[in-house]
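# Observations on chain architecture
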Amino acid sequence: MSGHVKNMCPQLPISQAARTLLSLLLVAAIDSVSAGVVCRKQPCGSSLQISLKLTKLIHKESADLLKTYKVSQGDMSELFCQMSINNVPDPNISGLDPSERMLSIYSHCKAFLPHLKRVTEQQTDLQPPSSSLLSKLSTAQNRTNGLANQINCIYQTLFPNLPIPPEPVDGPTSVPPSQNVFQQKVYGCVVLKRFKEFLSRVTRELRTLKSQVCTRRTTFADTNALS
Amino acid sequence: MLSLLCLVLFVPRVLSSSTPVAGIFPQDPALRMGSSLTATCTVSPERGLHANTMYWTMNGKRLPSSTYDLMSPNCLSVTLHHLNGSQQQSGDNLVCHSGDGHVLAGSCLYVGMPPEKPVNLTCWSRNTKDLSCKWTPGGRGETFIKTKYTLKYKLRWYGRERECEDYSTGQRYTCYIPRDLALFTPYEIWVEASNQLGTATSDVITLDILDVVTTDPPDNVHVSRVGELEDQLTVHWGSPPALKDFLFQAKYQIRYRLEDSTEWKVVDDVGNQTSCRLAGLRAGTVYFVQVRCNPVGIYGSRKAGIWSDWSHPSAASTPHSERLQSGSCEPKPGEQNSTLRRELKQFFGWVRKHAYGCSGMSIKLYDQWRVWLQKSHKTRNQVGKNNIPFISVPTQHRLHSYVL
C-alpha cells in the first residue's frame, strides 16, 4: 500500500464567511447547559412571559405564606416583621440597564434561597408535622429555584458576553447562627416579608424588561426546569 | 438573685450581631401548667432607656404593671402565676417593650405537662401485608407543647427493637409499618411519649398479625327485586379478592335503611354466603344496602379478624303494592302532582346526562339515580371529595318497567 493518502471527502465550495455563519447558527441551535440547567429556545416575549407568570404565582403564594406564618407564631407576631435584622436580603432590585437588573433579580433569588431553607428548618422544629406552613415553605423554595433558573437562561442568551458572578455561597456566612426561639420567629417573619416585597418588585421589573429587551426576531432560551 | 441575674447575665442582642439591645432571662423555658415564672428584661445602658418606662406583653396582651418589679434602672422583671397551657406549639410570646411600643426582646414559653402513658393502643393489618397502629395521648396537658410519640415493636421471643417511621398517614397519633412483618409469631408493641417536661411509655400489647387482619369491603354488591314480591329484596356480592389466596372463610354483615332514614338495620347472621334475601320490607320503597366482611380462619386460625369498612351503598326499590296500584291512577291534585313531575324531570335529566348506552327505561335505572342523588348530596357537604363517577347501565339489566 502506498503511503499516499487520498482525501476521500469532497470539498464543497463554501466561502469562509458562510462557514463562520454556519458555525454560529449551529452553536445557537444547540441546547445550552448552564449551571446544570437545560435552556431551550423560545421566543423572547414568550420566555419572559412565562417567568412573569411564575413570579406572579410565587408572589400570590407568598402573601398566603406570610399570613400562615404569622398565625403559626402566635399573637403580636405582626410586630416581629417590623424589626430590623442584618444579613437578610433586601427586596430592592438594583442596576441601571436591563442586564444589571436582570442579574439583580437572579442574584436576589439565589440569595433568598438559603434563608427560606433556614426558616423551613427552624419551623420544622417549632410546628406540628401537619402544619400547612411547612409545605408552603417548601413550595416557595422550589418555585424560587425554578424562577432563578429561568432568569439565568434568559440572561445568558440575551447577554452572552456578560458573565454571571459566582453564585452566592450557602453556609453560615449568609444565614444567621443559631438563634433562640424568639429570634427565630422574628427572623422568619422578616425573611418572608422581604421575600414578598421582592417578588412584587420582580413582577413590575419583568413587565418593564419584556418591553425593553424583546424585539420581534429576538429568540432566546428558557428553562424547562419549572417547578 | 434576680438582681444578680440582671447585672451579670446579658443575652447578646436579639436580632443582630452588633451591640446588644436587651435580653430576657430565661430564654425558651419549658414550664408546667399552673406553675409560676419570674422573667427579667435587661436593657443595655447605652440605649438610655429606663426600665420603669418598659412594659411586658404575653401573646400580644399587655401584662398589668402590678406584676412588674423594677430590679434596677435597666432591669424590669415580671412574675406570672398559674400559667395556662401554651396557645401555640411554637411557644407563647413573652415580649419586653420600650415605652413607645418597640420590641426590645422576647422569650418563648412552653407551658404544658409531662406526657402520661399513651392509652388505647390498637393495631390492625390490611390483608396481612402491613400494620397500622393508633393510640390516644394519656393526658391533655401534653398536647399544649410539642410531644413526640414513637411507636416501637419487636418480636416477642427474639429480634431487636424497631421503630415505626411513617407517621404521616394523615391522622394524628397513628403510625404505619408497610412491610417485613412476620406471621405466626407474636409482636410486642408499645408507644413512648416524650417532651421537654418528661417521658412516658404505654402498656405493651402483644399480637400476632394474623389475629388483627382486616380487608377491603366486598365488591360488586348488587341489590335486586325478588320477582314481584313487594316485601323482599335480594343482595349479592363478591368476596374480597385480596384474601382469595389464604382465606378459609369470611363472615359478612349486611345493613340496610330506608332512603329517607338514617337508621340502619343490621343483618348479623349472614354467615359466609355471598348472597342474602331481605324480607319484611315496605312495598314501593327504596332501600340502601351495604355489606362488610370479617376475615376468619386465616391460615387455619379460628379467630375472627376485624370488620372491613362498609361497601359503597347500593339501592333498589321494592315493587308497589298491587292493592295500592289498583286504586285510581288519577294523580292527586295539588302538590303531589308537582312534586312527582319535578322528580321525574330531574330523573330524565340525569338519564340523558349519565346513563349513556341505556337502551330502555327500567326500575334499576331509577334506583341508581336515587343512589346517585344521595351520594351527590353527601359530596356537596364534604370538602375535597372526588367527582362521583358516571353510572353506565348495562343494557341486559331490564328487569322491570317503571309505570310512568
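Looking up chain B in an unreviewed UniProt entry gives the name Cytokine receptor-like factor 1, with the organism given as Hucho hucho. Taken from UniProt, the Subcellular location (unreviewed entry) comment for chain B reads in full: "Secreted". Listed in UniProt under the heading Sequence similarities (unreviewed entry), the comment for chain B reads: "Belongs to the type I cytokine receptor family. Type 3 subfamily."

Under the annotation held in an unreviewed UniProt entry, chain A carries the name Ciliary neurotrophic factor and is attributed to Hucho hucho. Note on chain A: under the UniProt heading Sequence similarities (unreviewed entry), the record states "Belongs to the CNTF family." UniProt annotates chain A under Function (unreviewed entry) with the comment "CNTF is a survival factor for various neuronal cell types. Seems to prevent the degeneration of motor axons after axotomy."

Residues and elements named next belong to chain A. Here chain A shows a mean pLDDT of 80. Residues at 70 or above account for 73%. Low pLDDT, under 50, characterises residues 1-12; the stretch is placed with 1 contact to residues that sit more than four places away or in other chains. Below pLDDT 50 for its whole length, residues 169-173 participates in 2 contacts with residues either more than four positions away or in separate chains.

Here a ring pair, both rings aromatic, is described through the centre-centre distance and the interplanar angle of the planes. Inspection of the entire model under this criterion finds 15 aromatic pairs over all chains. Residues Tyr155 of chain A and Phe159 of chain A carry aromatic rings whose centres are separated by 5.2 Å and whose planes lie at 55° to one another, so their mutual orientation is tilted. No difference in accessibility class separates Tyr155 of chain A from Phe159 of chain A, as the two residues are buried. Ring plane angle 55° and centroid distance 6.1 Å describe the contact between Tyr153 of chain B and Tyr187 of chain B, whose orientation is recorded as tilted. Highlighted residues: Tyr153 of chain B in strand β12 (residues 148-155) and Tyr187 of chain B in strand β15 (residues 187-195), separated in sequence by 34 residues. Taken together, the ring pairs in this structure connect Phe347, Phe348, Trp350, Tyr366, Trp369 and Trp372 of chain B into an aromatic cluster. Over the face of the ring belonging to Trp264 of chain B we find Arg255 of chain B, whose NZ or CZ atom lies 4.1 Å from the ring centre. Across the ring face of Trp264 of chain B, the terminal group of Arg257 of chain B is positioned such that the distance to the ring centre comes to 5.0 Å.

All names here are of chain B. Relative to the helices and strands, Arg47 is located in the loop between β3 (37-43) and β4 (55-58). Relative accessible area serves as the criterion here: at 46%, Arg47 is assigned to the partly exposed category. Between the C-alpha atom of Arg47 and that of Ala22, which follows or precedes it by 25 residues, the distance is 9.0 Å. Arg47 has contacts with Val21 and Leu104, leaving out every residue within four places of it along the chain.

The rules behind the values
- Residues numbered from 1 in each chain as written.
- Chains lettered and ligands numbered in written order.
- Predicted model: local features only at pLDDT ≥ 70, side-chain atom pairs only at ≥ 80, totals over all residues.
- Heavy atoms only, no water.
- UniProt positions renumbered as here; feature names shortened; annotations may be inferred.
- pLDDT = per-residue confidence, 0-100.
- Contact = heavy atoms within 4.5 Å.
- Phe/Tyr/Trp six-rings, centres within 6.5 Å; stacked < 30°, edge-to-face > 60°.
- Buried < 20%, exposed > 50% of the residue type's maximum accessible area, 1.4 Å probe, protein only.
- Helix = DSSP H or I, 4+ residues; strand = E, 2+ residues; numbered from the N terminus.
- Lys NZ or Arg CZ within 6 Å of the ring centre and 35° of its normal.

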